[in-house]
Amino acid sequence: QVQLVESGGGLVQPGGSLRLSCTPSRSSFVIAAGNWYRQAPGKERELVASITATGTRNYADSVKGRFTIARDNTARRVFLQMNNLEVDDTAVYYCNARIRLSGSSGDGGDYWGKGTQVTVSS
C-alpha cells in the first residue's frame, strides 16, 4: 500500500524559512501533480499552493511571493519552500498529490498525507 509522507515541519521564528517535502512511501510511484493545503485550529482547510502535471504553479494570495512549490526532476518529491514565515502561517500542512507508477501513462490516483505541523512563533 502506498502513502504520501510529509516532512520538514517544525518550529520557526517569524521571518524564518522551512522547506516541506512530500514523497510516496514506495519508490515505484511518482508524483504527477501536487497540492499543499493547510489547516489552522478552528479554520477551514485552505489550498495554499499547487503544481500541475505540466508544471503550472498557483498560490493563495496570502502566500504568494513567499512560498514556492516545486517538483524534483525525478518526480519523486514535491516541495513547499516557505520563506518570510508569519505567525498566521501556523497550521498543519498537508500534501495532496496525484501519484502513479513510474513509467506508466495513466492518470494515477489521488492521495493525502497525514500532515506536518508548522509553528511560527517568536
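Here's a quick rundown of the structure. The numbering scheme is per chain: residues are counted from 1 as the chain's sequence reads. With the structure being a predicted model, the display of local features is reserved for residues of pLDDT at least 70 and the display and counting of side-chain atom pairs for 80 or more, all residues being used for whole-chain, interface and lining totals. Where side-chain values are given, they derive from all heavy atoms of the structure, hydrogens and water being excluded.

**Describing the overall build of the protein chain**
As a reminder of what qualifies: Secondary structure counts use DSSP, requiring at least four H or I residues in a row for a helix and at least two E residues in a row for a strand, with both numbered from the N terminus. Radius of gyration here is computed from C-alpha atoms only, and the compact-globule reference equals 2.2 Å multiplied by the residue count raised to the power 0.38. Buried means the residue's accessible area, taken with a 1.4 Å probe over protein chains only, is under 20% of the maximum for its type, while exposed means over 50%, and partly exposed covers the values in between. The contact rule is simple, with two residues in contact once any of their heavy atoms fall within 4.5 Å.
A tally of helices and strands in the protein chain yields 0 helices and 11 strands. Put simply, the protein chain runs from its N terminus to its C terminus through helices and strands in the order β-β-β-β-β-β-β-β-β-β-β. In summary, the protein chain has a C-alpha radius of gyration of 14 Å against a globular reference of 14 Å for 122 residues, a match within 12%. Its C-alpha atoms put the protein chain at 45 × 25 × 25 Å along the principal axes. Going through the 122 residues of the protein chain one by one, you find that 39% of them count as buried. Looking at the protein chain alone, contacts between residues at least 24 apart form 56% of all its contacts between residues at least 6 apart.

**Focus on the sheet that holds strand β3 (residues 18-24)**
Note the following rule: By definition, two strands form a pair when at least two bridges between them are found by DSSP. Where helices are involved, their axes are fitted lines through C-alpha atoms of the stretch in contact, as for all axes, and angles between N-to-C directions lie from 0 to 180°.
An order of β1-β3-β8-β7 is seen for the 4 strands of this open sheet, with the pairing classed as antiparallel. Strands with a single pairing partner mark the edges of an open sheet, and in this sheet they are β1 (4-7) and β7 (67-71). Neighbour-to-neighbour, the strand axes of the sheet open up by a mean angle of 15°, direction not taken into account. By the bridge criterion, 5 bridges tie β7 to strand β8 (residues 78-82) in an arrangement that is antiparallel. When the bridges of β8 are listed, R71 appears paired with V78.

**Things to note about unusual backbone geometry**
Despite not being glycine, A75 has its phi angle at roughly 60°, a positive value. Summarising the element assignment, A75 is placed in the loop between β7 and β8. For N84, which is not a glycine, the phi torsion comes out positive at approximately 50°. Looking at where N84 falls in the secondary structure, it is placed in the loop between β8 and β9 (91-101).

**Here we look at the packing of aromatic side chains**
What counts, and what does not: Here the aromatic set is Phe, Tyr and Trp, taking the six-membered ring for Trp, and pairing holds for ring centres within 6.5 Å; pairs whose planes are under 30 degrees apart are stacked, those over 60 apart are edge-to-face, and all others are tilted. Think of it as a cone above the ring: NZ of Lys or CZ of Arg counts as a charge over the ring if it is within 6 Å of the ring centre and within 35 degrees of the ring normal.
Applying the stated rule across the entire model yields 1 aromatic pair. Ring centres of Y37 and W112 lie 4.9 Å apart, and the angle between their planes is 45°; this geometry places the pair in the tilted category. Residue Y37 is found in strand β4 (residues 29-39), and its partner W112 is found in strand β10 (residues 109-112); the two are separated by 75 residues along the sequence. R45 extends its terminal NZ or CZ atom over the ring of Y94, reaching a point 3.9 Å from the ring centre.

**Description of the environment of S7**
Its location among the elements puts S7 in strand β1. What makes S7 partly exposed here is its relative accessible area of 35%. Between the alpha carbons of S7 and R19 there is a distance of 8.4 Å; along the sequence they are 12 residues apart. Beyond its immediate chain neighbours, meaning those up to four positions away, S7 contacts R19, L20 and S21.

**Focus: the pattern of salt bridges**
To keep it simple, the criterion reads: One side-chain nitrogen of Lys or Arg within 4 Å of one carboxyl oxygen of Asp or Glu is enough to make a salt bridge.
Counting across every chain of the model gives 4 salt bridges. With its nearest N and O atoms 3.0 Å apart, the salt bridge here joins R38 to E46. Classification of E46 by relative accessible area gives partly exposed; the value is 29%. In this structure, R38 and D89 form a salt bridge, with 2.9 Å as the shortest nitrogen-oxygen distance. Of this pair, R38 sits in strand β4 while D89 sits in the loop between β8 and β9; the two residues are 51 residues apart in sequence, bridging distant segments of the chain. With respect to burial, R38 and D89 carry one shared label: buried. One network of salt bridges, with partners in common, ties together R38, E46, R66, E86 and D89.

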